[in-house]
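A closer look at the structure
The lines below spell out each chain.
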Amino acid sequence: MALFYSPQKNTKPAPAFEADILELDYQGLGVARVNGKTWFVENALPGETVRVAVLEDKRQYGKGRAVNILHPAPERCPPRCAHYRQCGGCQSQHIDVDLQRRAKQHALFQRLSRLQPQGIELMPMIVGEPWHYRRRARFSLRYDVKRKGLDMGFRQKNSAQIVPIAHCPVLEAPLNDLLPQLTALFARWSQPKALGHVELVKADNGVAMLLRQCGNLAQNDRTLLLELATRQHLMLFLQDDEQIVRLHGESPYYQLDDGLRLQFDMRDFIQVNAALNRRMINTALDWLALNEQDNVLDLFCGMGNFTLPVSRRVKSAVGIEGVSAMVEKAVKNAERNNCPNVQFYRGDLDQPFIQQQWSKREFNKILLDPPRSGAAFALHALCGLGAEKILYVSCNPATLVRDAEILLNSGYQLQKTAMIDMFPHTGHLESISLFEKRQ
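About the cut-offs
- Residues numbered from 1 in each chain as written.
- Predicted model: local features only at pLDDT ≥ 70, side-chain atom pairs only at ≥ 80, totals over all residues.
- Heavy atoms only, no water.
- Salt bridge = Lys/Arg side-chain N within 4 Å of Asp/Glu carboxyl O.
- Helix = DSSP H or I, 4+ residues; strand = E, 2+ residues; numbered from the N terminus.
- Buried < 20%, exposed > 50% of the residue type's maximum accessible area, 1.4 Å probe, protein only.
- Axes fitted to C-alpha atoms, helices over the stretch in contact; angles between N-to-C directions.
- Parallel < 35°, antiparallel > 145°, perpendicular 65-115°, else oblique.
- Left-handed = near helix turned anticlockwise from the far one by under 90°.
- Contact = heavy atoms within 4.5 Å.
- Nonpolar A, V, L, I, M, F, W, Y, C, P; charged D, E, K, R; others polar.
- Phe/Tyr/Trp six-rings, centres within 6.5 Å; stacked < 30°, edge-to-face > 60°.
- Lys NZ or Arg CZ within 6 Å of the ring centre and 35° of its normal.
- Pairing = 2+ DSSP bridges.
- Expected span 1.5 Å × (residues − 1).
- Bend = angle between axes of the 7 residues up to and from the residue.

Applying the stated rule across the entire model yields 19 salt bridges. Among the ionic pairs, lysine 37 bridges to aspartate 57, the shortest N-O distance being 2.5 Å. With lysine 37 in strand β4 (residues 37-42) and aspartate 57 in strand β5 (residues 49-57), the pair connects residues that are 20 residues apart, well separated along the chain. Take aspartate 57: its relative accessible area is 46%, and that puts it in the partly exposed class. One salt bridge in this structure joins glutamate 42 and arginine 65, with 3.3 Å as the shortest N-O distance. Highlighted residues: glutamate 42 in strand β4 and arginine 65 in strand β6 (residues 61-71), separated in sequence by 23 residues.

To continue, consider the packing of helix α2 (residues 173-187) against helix α3 (residues 219-232). At a minimum axis distance of 11 Å, the contact between α2 and α3 shows a crossing angle of 160°. In this view, α2 runs roughly antiparallel relative to α3, as classed from their interaxial angle. For the pair α2 and α3, the sense of crossing is right-handed. Across the interface between the two elements, Leu178, Gln181, Leu182 and Leu185 from α2 touch Leu224, Leu225, Leu228, Arg231 and Gln232 from α3. Grouping the amino acids of the contact of α2 with α3 by side-chain chemistry returns six nonpolar, two polar and one charged.

Attention shifts here to the packing of aromatic side chains. This structure, assessed with the given rule, holds six aromatic pairs. Between phenylalanine 40 and tyrosine 61, the ring centres sit 6.5 Å apart and the planes meet at 70°, which makes this aromatic pair edge-to-face. With phenylalanine 40 in strand β4 and tyrosine 61 in strand β6, the pair connects residues that are 21 residues apart, well separated along the chain. When the ring centre of tyrosine 254 is taken as origin, the NZ or CZ atom of arginine 135, which lies over that ring, is 4.8 Å away.

Ordered in space as β10-β9-β8-β11-β12-β13-β14, the seven strands form an open sheet in which the pairing is mixed. At either end of the open sheet lies a strand with only one pairing partner, and these are β10 (162-164) and β14 (244-248). Adjacent strand axes in the sheet meet at a mean angle of 35°, parallel and antiparallel pairs treated alike. In the sheet, strand β8 (residues 136-144) pairs with strand β11 (residues 195-203) via five bridges, with the strands oriented antiparallel.

Structurally, arginine 80 is set in the loop between β6 and α1 (97-115). The sequence separation of arginine 80 and leucine 141 amounts to 61 residues, and the corresponding C-alpha distance is 24 Å. When residues no more than four places from it in sequence are discounted, the contact partners of arginine 80 are Gln93, Trp131 and Pro169.

The backbone of alanine 289 shows a phi angle near 50°, a positive value even though the residue is not glycine. Of note, alanine 289 is situated in the loop between α4 (274-287) and β17 (295-299). Of note in the backbone geometry, asparagine 338 takes a positive phi value of approximately 55° without being a glycine.

Between its first and last C-alpha, α2 extends 23 Å over 15 residues, near the 21 Å set by a 1.5 Å rise per residue. Along α2, the helix axis deviates most sharply at leucine 179, where the bend reaches about 30°; the proline proline 180 sits within four residues downstream. Within the span of α2, buried status applies to Leu175, Asn176, Leu178, Leu179, Leu182, Leu185 and Phe186. Close packing links the buried residues of α2 with β8, β9 (149-155), β11, β12 (206-213) and α3.

Shown next, in the form of structure tokens:
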């Protein structure tokens with residue numbers, strides 16, 4: 001039998017090098033050009049000279065991390081979070097928040113301008129508070145056998161390890177206030193190895209908590225949990241191996257303008273930044289210039305975050321969502337808020353529109369807020385509806401550019417765009433753009 005041996009790869013790390021940082025990309029990475037190659041460098045700001053440890057070296061680009069700041073920039077800030085170096089969350093805390101926002105706005109406008117060099121109106125950035133803005137968080141729970149203690153925190157960057165968290169500067173205050181109570185609770189837990197994670201949401205009617213527990217919950221643990229829920233006025237939910245059940249309190253909801261109140265379940269998607277969500281919605285309503293003669297289509301509508309506010313201003317609104325459970329919740333939210341002129345349908349947006357009931361209606365304005373993967377699979381059919389305005393909310397600049405090109409090639413023009421600072425101190429870039437049909 002022949003034996004084949006593969007030569008061992010050279011695992012010796014590439015040598016560090018010095019680089020001058022030229023600019024900042026929207027993800028908070030410093031950009032340098034060394035020997036004709038572009039490098040994206042963590043923990044580096046424009047104007048700095050840094051020593052770079054190589055993380056990834058490709059033929060056309062490289063990735064590294066600044067391990068020594070030889071000449072720091074004036075925009076460099078001391079991170080507020082004690083766990084900044086380990087946690088994989090807010091990687092841009094060393095950057096002045098105004099510089100973060102300018103970099104994101106520049107990246108957005110630069111990418112769209114390549115598609116349409118003229119005629120795009122860059123609107124003012126939609127911004128809010130840079131700290132204590134996040135109303136939702138999920139904490140991992142893991143029992144450390146060696147020290148016989150439980151860790152509660154976030155995943156470490158590029159690792160399965162947990163960074164214990166006692167306070168997070170981007171969480172809303174009521175969630176931070178609850179963390180010491182949870183630490184004390186789990187210190188008394190009889191089955192710590194069975195704990196999975198805990199999810200917290202600051203709803204407008206209080207704090208909701210979901211606890212993941214493998215197997216049956218011991219009676220003593222249930223008593224401790226209910227005592228905490230009663231004392232802290234929590235809406236409490238338990239997820240076991242089969243289902244999610246409510247143990248205490250009512251269902252959570254969040255409020256929008258015009259008295260709208262949207263009820264949601266603990267695992268449902270909601271925007272984590274409540275203040276920016278309201279501003280984003282109001283911007284969409286204003287840019288679409290809605291009136292009582294409009295018939296509006298809202299794609300990827302979820303539980304009606306945009307659809308219900310739209311319905312207050314128009315003749316009719318239709319929301320399309322691919323998940324049946326979300327459609328049911330949207331219908332109930334419309335009923336609770338007395339919105340009789342709105343209808344919701346479950347729709348497969350990757351299938352031809354002509355086969356779907358709702359597409360037989362006429363729409364003069366369209367709104368879509370797709371996932372990070374974008375909406376390329378639906379845009380050709382969408383353009384066939386002939387709407388005069390299409391408003392696109394994006395959470396991924398790469399798919400926005402791809403989809404914008406489809407719209408431009410289908411007879412639309414990009415009128416205006418704005419960066420939404422939905423997630424300060426992170427590399428996420430949210431935006432809103434208005435397309436109008438060319439005459």
